[in-house]
Amino acid sequence: MVKENPRYAYLSVDGIDNCICAIEDLVRQKQHPPEQPLGKCFIEMSACAGSCLGGPVMSASMPLASMPIQNVQYAGHLPGTTIRPAPVRDYITVSRYAGEKDFETFSYSAEELDKKFASLSPRRIHLGTAAVEEVLRKLGKTRPEHELNCGSCGYNTCREKAQAVLEGKATLTMCLPYLKERAESFSDNIITNTPNGIIVLNETMEVQQINAAACRIFNINPKDILGDQVIRVLDPAPFIETCREEKNIYNRRVYLADYQKYIDQTIIYDKNYHIIIGIMRDVTGEEARKTAKEEFNRRTIEITDRVIEKQMRAVQEIASLLGETTAETKVALTKFKEILSNE
Ligand code: SF4
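Residues numbered from 1 in each chain as written. Predicted model: local features only at pLDDT ≥ 70, side-chain atom pairs only at ≥ 80, totals over all residues. Heavy atoms only, no water.

Looking only at helices and strands, one finds 11 helices and 9 strands in the protein chain. When each of the 343 residues of the protein chain is scored for burial, the buried share is 23%. Put simply, of all contacts in the protein chain between residues at least 6 apart along the chain, 46% involve residues at least 24 apart. Accessible surface, the protein chain: about 25600 Å² in total, of which carbon and sulfur atoms supply 57%. (Helix = DSSP H or I, 4+ residues; strand = E, 2+ residues; numbered from the N terminus. Buried < 20%, exposed > 50% of the residue type's maximum accessible area, 1.4 Å probe, protein only. Contact = heavy atoms within 4.5 Å. Areas by Shrake-Rupley, 256 points an atom, 1.4 Å probe, with all protein chains shown as cover.)

Shown next as structure tokens:
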């Protein structure tokens, strides 16, 4: 590219549909060569509309969502593809970040870059609709409305993707909505079934989510608190502290006087999603056992003290009695000795 070989035409296309058009064009040129040969060309193709500007990292890191191209005047895209709605601003942002100078990059040798690809076409198999339906079923697409045909997997439709799975060209789980749904159902399962109470707040201390275990601690229904201030059920101070100081709290024992319960409270601030997650372990039983054990120990010590005291008193009485009788014996024996001496 740098050499700017004059025998080459250089062009770039972006967006899946445009890439497909370019490739189909090349195939056509090959099948029906034009009178005037086009020569060689170097084509840079980006699957993402807008190239890296439309890439997944940009969508994740920039707040603006993509919108259908038909709503945006942006040359070079076909209807149905998506780009970001602020291409100029995004381009300038990236350009500023990149700076004037090239980055130091690692280069592979020509040999390392050489790779042969076997044609996949001989593997094309048609197992029929039933097999395709089975793959779709495994992807959780059991109704027509489940087939989103979003193209995230690189195939235009879910059925094309299912066919590719049967041909061994794609893996079953290579479906973004499927993975997202699976991850959500996985985390939903954990949140629903964990014995720990979980409460999620936004930065204005409003309850966004609460699980069944937390509802049991507070003895409420989720709908009674969702969207409301957390102060209604919990002291907001540690949540505010975690959010302001960006320092998580782990396993802090707290007594909830209103509910007569002890909890171990962990509070985590997720800065990226602007949420504060409170995890509560109900340790009331554990605390009651601890208190009972302490009471038992205290009473045992009390009893032991009383026994020792009694024993001491008895010893003292015995000692004093022994002293008295010893003195009397001494007097008697002395008198007896005097009588014997006089005789
Ligand atoms: S990513 Fe999933 S939903 Fe989207 S087209 Fe592919 S199979 Fe269908």
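Read on for the rest.
What follows covers the environment of Tyr262. Note on placement: Tyr262 falls in strand β8 (residues 261–270). Taking the relative accessible area as the measure of exposure, Tyr262 reaches 27% and is therefore partly exposed. Separated by 21 residues in sequence, Tyr262 and Val283 have C-alpha atoms that sit 5.4 Å apart. Not counting residues up to four positions away in its chain, the partners in contact with Tyr262 are Arg253, Val254, Tyr255, Arg281, Asp282, Val283, Thr284 and Glu287.

This structure, assessed with the given rule, holds 19 salt bridges. We note a salt bridge from Glu167 to Lys169, for which the minimum N-O separation is 3.0 Å. A residue is classified by how much of its surface remains accessible, and Glu167, at 4% relative accessible area, is buried. Among the ionic pairs, Arg252 bridges to Glu241, the shortest N-O distance being 3.6 Å. Of the two residues, Arg252 sits in strand β7 (residues 249–256) while Glu241 sits in helix α10 (residues 237–245), which places them 11 residues apart along the sequence. Judged by its relative accessible area of 36%, Arg252 is partly exposed. Overall, the relative accessible area of 28% leaves Glu241 in the partly exposed class. (Salt bridge = Lys/Arg side-chain N within 4 Å of Asp/Glu carboxyl O.)

Let us now look at the side chain of Ser46. Tracing the backbone through its elements, the reader meets Ser46 in strand β2 (residues 40–46). Engagement of the side chain of Ser46 in a polar contact is seen with the side chain of Ser51, the distance being 3.1 Å. Setting aside residues no more than four positions away along its own chain, Ser46 makes contact with Val13, Asp14, Gly15, Cys19 and Ser51. (Polar contact = N/O pair within 3.5 Å; in protein donor to acceptor, adjacent residues only side chain to side chain.)

Here we take up the packing of helix α5 (residues 129–138) against helix α6 (residues 158–166). Where α5 contacts α6, the axes come no closer than 9 Å and their chain directions differ by 100 degrees. Looking at the two axes, α5 sits roughly perpendicular to α6. Between α5, through Thr129, Ala131, Val132, Glu133, Val135 and Leu136, and α6, the contact on the second element is made entirely by Cys158, Arg159, Ala162, Gln163, Val165 and Leu166. (Axes fitted to C-alpha atoms, helices over the stretch in contact; angles between N-to-C directions. Parallel < 35°, antiparallel > 145°, perpendicular 65-115°, else oblique.)

Below, the discussion takes up the packing of aromatic side chains. Tallied over the full model, the rule gives 5 aromatic pairs. Arranged with centres 4.6 Å apart and planes meeting at 40 degrees, the rings of Tyr255 and Tyr262 form a pair that is tilted. Under the relative-accessibility criterion, Tyr255 is labelled partly exposed at 42%. Among the aromatic residues, those joined into a ring-pair cluster are Tyr8, Tyr10 and Phe42. (Phe/Tyr/Trp six-rings, centres within 6.5 Å; stacked < 30°, edge-to-face > 60°.)

Another point: the pairing of strand β9 (residues 275–282). Two strands pair when backbone bridges link them, and strand β5 (residues 197–202) and β9 are joined in this way by 6 bridges, in the antiparallel orientation. Bridging from a neighbouring strand, Val200 pairs with Ile277 of β9. Of the strand pairs in this sheet, β8 and β9 are connected by 8 bridges, and their pairing is antiparallel. For Gln265, the partnering residue across the bridge sits in β9 and is Met280. As consecutive antiparallel partners, β8 and β9 are separated by 4 residues, and within that stretch His274 has a phi angle of approximately 55 degrees, a positive value. (Pairing = 2+ DSSP bridges.)

Ile199, Ile210 and Phe218 are the most contacted members of the largest nonpolar core, which totals 23 residues. For this core, the secondary-structure elements that each account for two or more residues are β5, β6 (207–210), α8 (212–218), α10, β7, β8 and β9. Apart from the residues lying within four places of it in its own chain, the contact partners of Phe218 are Ile199, Ile210, Val233, Leu234, Leu256, Tyr259 and Met280. (Core = buried A, V, L, I, M, F, W, Y, C linked by side-chain atoms within 4.5 Å.)

Further remarks concern the environment of Val283. One can find Val283 in the loop between β9 and α11 (284–342). Since its relative accessible area comes to 1%, Val283 is described here as buried. Once residues lying within four places of it in the same chain are set aside, the contact partners of Val283 are Arg253, Tyr262, Ile263 and Asp264.

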